Amino acid sequence: MGWIEMLKLQSNAAPRIVETIGEMEHDLKRLSKIAERFSKIGSKPDLREEDLTSVIDGVISYFRKRLPQMGQARQHYC
């Protein structure tokens, strides 16, 4: 987390670098969430309602950025 903050301070707002830092920050948050989930193994679950459409849209967006060829293949079939 500290390195990301250092990169933000030294990025000089170059669009490509800012975008990459944003993706790194998003990935770090996801890893933190995974670590938090592992720490809860064996504890009582915290159930809550979620909007399934927004969850699926988030997953699709996440993979389109990381697997661009997958997004192109999907466009050919639609």
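One can find the structure itself at the top, above this paragraph.
Residues numbered from 1 in each chain as written. Predicted model: local features only at pLDDT ≥ 70, side-chain atom pairs only at ≥ 80, totals over all residues. Heavy atoms only, no water.

**Q** What should I look at first to understand the overall build of the protein chain in this one?
**A** Counting secondary structure elements, the protein chain contains 4 helices and 0 strands. Across the protein chain, helices and strands are ordered from the amino to the carboxyl terminus as α-α-α-α. Looking at the protein chain as a whole, 6% of its 78 residues qualify as buried. Accessible surface, the protein chain: about 7400 Å² in total, of which carbon and sulfur atoms supply 60%. (Helix = DSSP H or I, 4+ residues; strand = E, 2+ residues; numbered from the N terminus. Buried < 20%, exposed > 50% of the residue type's maximum accessible area, 1.4 Å probe, protein only. Areas by Shrake-Rupley, 256 points an atom, 1.4 Å probe, with all protein chains shown as cover.)

**Q** Looking at this model, I keep getting lost on the pattern of salt bridges. Mind explaining?
**A** Oppositely charged side chains may form a pair once their charged atoms are brought near each other. Taken as a whole and judged by the stated rule, the model has 3 salt bridges. The partner of Asp-27 in a salt bridge is Arg-66, with the nearest N and O atoms 2.6 Å apart. Linking Asp-27 in helix H2 (residues 15-39) with Arg-66 in helix H3 (residues 52-66), this pair joins segments that are 39 residues apart in sequence. On the basis of relative accessible area, Asp-27 is assigned to the partly exposed category, the value being 26%. A salt bridge links Glu-36 to Lys-40, with the nearest nitrogen and oxygen atoms 3.2 Å apart. Residue classification places Lys-40 among the partly exposed residues on the basis of a relative accessible area of 44%. (Salt bridge = Lys/Arg side-chain N within 4 Å of Asp/Glu carboxyl O.)

These figures capture arrangement, not role.
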